[in-house]
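If you want the building blocks of each chain, they are given just below.
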Amino acid sequence: MSTGTQLTSPSKVWMRIFALVYEPFLWLGELAGMRNRRRGLLRNARGRVVEIGAGTGLNIAHYPDDIELVLTEPDASMRRKLIRRLQRNGRRDARIVDAPAERLPFPDASVDTVVSTLVLCTVDDPQRTLREVARVLRPDGQLLFVEHVRANSRFLAAYQDLMFRPWRGFAGGCCCNRPTLKLMRDCGFTVTADDGVWRGMPAIVHPIVVGRATLL
């Protein structure tokens, strides 16, 4: 299946609805382990941190206090929820930027940590996004990620291919069968990752990878 480049985006009307149902839909998956994965991953964030596709802000509570936090989110409905979560968590020093992951408005080599959690499945152009991440990272920078990916199981991968279009239409543009680790490596990243299962969610998004990518 396509990696997602030049795919038609979901309608603005559905994205407003999706922003409302996003957290209730993820609720069981968060309780069944995703929240702990976020916490374990984000304790390693350092320096100037840019989170791409921050959504409604489910990562905010897990960031260390001693970082400079910038959150990018191109969807207006998600940004409204993101603003409220920042206020509830007392992160008034964090900055929100209206920008897609494919066009990050930051200088070259200006970021220590980029964070992507369940985002690289959704961007229209994952290769361009990863090139942008590589551009803004400092030489010793890191990409921290939790992403669901194409299944290794032939049966489950075939099911992901079958459900690709209806799932993408429902899930805010999510591509359930994207080979994200391969895309990272093809874009020059050295990747260290652990496989896992996103329990509490539909089977087509069960396969996940959690890890760190660098350009060294």
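Provided above is the structure to which this section pertains.
Keep in mind the model is a prediction, meaning the values are calculated, not measured.

Peer 1: Explain the sheet that holds strand E6 (residues 190-197) here, please?
Peer 2: Pairing is mixed across the open sheet formed by seven strands, whose spatial order is E3-E2-E1-E4-E5-E7-E6. Edge positions in the open sheet fall to strand E3 (95-97) and E6, since each of these has one partner strand only. Across the sheet, the mean angle separating the axes of adjacent strands is 15° when strand polarity is ignored. When strand E1 (residues 48-51) meets strand E4 (residues 111-117), the two strands line up parallel, connected through three bridges. Residue pairing in the sheet places Val50 in a bridge with Val114 of E4. The strands touched by helix H3 (residues 126-136) within the sheet are E4 and strand E5 (137-148), with E5 carrying the most contacts at an inclination of about 145°.

Peer 1: Please clarify how helix H2 (residues 76-88) should be interpreted in this entry.
Peer 2: For the α-helix, the turn length of 3.6 residues means that residues three or four positions removed from each other point alike. If you check H2, its first and last C-alpha atoms are 19 Å apart, about what 13 residues at 1.5 Å a residue would give, namely 18 Å. Residues Ser77, Met78, Arg79, Leu82, Arg85 and Leu86 constitute the buried set of H2. One side-chain oxygen of the residue at the start of H2 lies 3.2 Å from the amide nitrogen of Ser77, identifying that residue as Asp75. Where H2 ends, the next residue or the one after it, Gly90, has phi of about 70°, a positive value.

Here is what the cut-offs are and how they apply
Residues numbered from 1 in each chain as written. Predicted model: local features only at pLDDT ≥ 70, side-chain atom pairs only at ≥ 80, totals over all residues. Heavy atoms only, no water. Pairing = 2+ DSSP bridges. Helix = DSSP H or I, 4+ residues; strand = E, 2+ residues; numbered from the N terminus. Axes fitted to C-alpha atoms, helices over the stretch in contact; angles between N-to-C directions. Contact = heavy atoms within 4.5 Å. Expected span 1.5 Å × (residues − 1). Buried < 20%, exposed > 50% of the residue type's maximum accessible area, 1.4 Å probe, protein only. Polar contact = N/O pair within 3.5 Å; in protein donor to acceptor, adjacent residues only side chain to side chain.

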